Amino acid sequence: QVQLVESGGGLLQPGWSLRLSCAASGFTFNNYAIGWFRQAPGKEREGVSCISSSDSSTTYVDSVKGRFTISRDNAKNTVYLQMNNLKPEDTAVYYCAADFRPAGGCYVTRPKYNYWGQGTQVTVSS
């Protein structure tokens, strides 16, 4: 059974930091790129970051560059999203997703991913 389970969301004040985790099972993790996406109330889902399967190259959207860091631990079948200096506009449900792409590379602008997690809520408010 394929599963992607996000965890680590919560309620934080602006400027605080948070690390999200995405635990994968039921598929060959090493052959998949992993992406993080988010959806704010009343807004369309948008890509945030992704990391490739082979060379661990990373991609970030402009709004999070310099603040967010994506990483993966293939031995643990887990991907992380470290979020620093959080802003109210970061408030959203955050989803991780897996894309079969064993040759490497990843994308966030066209999120045609194979598997999706259930999401975890991140709320940034003073």
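Residues numbered from 1 in each chain as written. Predicted model: local features only at pLDDT ≥ 70, side-chain atom pairs only at ≥ 80, totals over all residues. Heavy atoms only, no water.

> Which residues make up the nonpolar core, and what values do they have?
Leu20, Trp36, Phe68, Val79, Leu81, Met83 and Tyr94 are the most contacted members of the largest nonpolar core, which has 36 residues in total. Elements supplying a minimum of two residues to this core: strand 3 (18–25), strand 4 (32–39), strand 5 (46–51), strand 7 (68–73), strand 8 (78–83), strand 9 (92–100) and strand 11 (120–124). When neighbours within four sequence positions are excluded, Phe68 is seen to be in contact with Arg38, Val48, Tyr60, Leu81, Gln82, Met83, Asn84, Leu86, Asp90 and Tyr94. (Core = buried A, V, L, I, M, F, W, Y, C linked by side-chain atoms within 4.5 Å. Buried < 20%, exposed > 50% of the residue type's maximum accessible area, 1.4 Å probe, protein only. Helix = DSSP H or I, 4+ residues; strand = E, 2+ residues; numbered from the N terminus. Contact = heavy atoms within 4.5 Å.)

> Any chance you could break down the side chain of Asp99 for me, citing the residues and the numbers?
Position of Asp99 relative to the elements: it lies in strand 9. Those residues in contact with Asp99 that sit more than four places away from it in its chain are Asn31, Tyr32, Ala33, Tyr107, Lys112, Tyr113 and Asn114.

> Can you break down the sheet that holds strand 1 (residues 3–7) residue by residue, with the values?
Think of a sheet as strands paired side by side through backbone hydrogen bonds, with each pair either parallel or antiparallel. Overall, antiparallel pairing links the four strands, which are arranged 1-3-8-7 in an open sheet. Looking at which strands have only one partner, the edges of the open sheet turn out to be strand 1 and strand 7. Within this sheet the neighbouring strands show an average axis-to-axis angle of 15°, counted without direction. Across five bridges, strand 1 lies against strand 3 in antiparallel orientation. Paired with Leu4 across the bridge in strand 3 is Ala24. (Pairing = 2+ DSSP bridges. Axes fitted to C-alpha atoms, helices over the stretch in contact; angles between N-to-C directions.)

> Describe the state of the cysteines, with residues and values.
Applying the stated criterion across every chain, the model contains two disulfides. Each sulfur of the disulfide joining Cys22 and Cys96 lies 2.1 Å from the other. Here the S-S torsion is close to 70°, and the disulfide linking Cys22 with Cys96 is therefore right-handed. Within this pair, whereas Cys22 is found in strand 3, its partner Cys96 is found in strand 9, the two being separated by 74 residues in sequence. With respect to class, Cys22 is no different from Cys96; both count as buried. Bridging Cys50 to Cys106, the disulfide has an S-S length of 2.0 Å. Given an S-S torsion of about 75°, the disulfide between Cys50 and Cys106 has right-handed geometry. Of this pair, Cys50 sits in strand 5 while Cys106 sits in the loop between strand 9 and strand 10 (115–116), placing them 56 residues apart in sequence. Accessibility expressed as a relative area gives 0% for Cys50, which makes it buried. Under the relative-accessibility criterion, Cys106 is labelled buried at 19%. In the protein chain, the bonded cysteines, taken in the order they occur along the sequence, pair up as 1-3, 2-4. (Disulfide = S-S within 2.5 Å.)

> I'd like a description of the pairing of strand 4, backed by residues and values.
Counting buried positions over the eight residues of strand 4 gives seven, a clear majority of the element. Note that strand 4 and strand 5 share five bridges and pair antiparallel. Opposite Arg38, over in strand 5, you have Glu46 as the bridge partner. The hairpin turn running from strand 4 into strand 5, its antiparallel successor, is six residues long, and Gly42 in that turn takes a positive phi close to 75°.

> Summarise the packing of aromatic side chains; cite the residues concerned and give the values.
A ring pair, where both rings are aromatic, is described by two values, the distance of the centres and the angle of the planes. In the structure shown here, the tally under the stated rule is eight aromatic pairs. Pairing Tyr32 with Tyr115 gives two aromatic rings, centres 5.8 Å apart and planes at 35°, and the pair type is tilted. You can see Tyr32 sitting in strand 4 and its partner Tyr115 sitting in strand 10, a full 83 residues away along the chain. On the numbers, 4.9 Å between centres and 50° between planes, the contact of Phe37 with Trp116 is tilted. Linking Phe37 in strand 4 with Trp116 in strand 10, this pair joins segments that are 79 residues apart in sequence. A residue is classified by how much of its surface remains accessible, and Trp116, at 29% relative accessible area, is partly exposed. Counting every residue linked through ring pairs, the aromatic cluster contains Phe27, Tyr32, Phe100 and Tyr115. A cation sits over an aromatic face here: Arg45 above Phe37, 5.9 Å from the ring centre. In this arrangement the basic side chain of Arg72 is found over the ring face of Phe29, its NZ or CZ atom lying 4.4 Å from the centre. (Phe/Tyr/Trp six-rings, centres within 6.5 Å; stacked < 30°, edge-to-face > 60°. Lys NZ or Arg CZ within 6 Å of the ring centre and 35° of its normal.)

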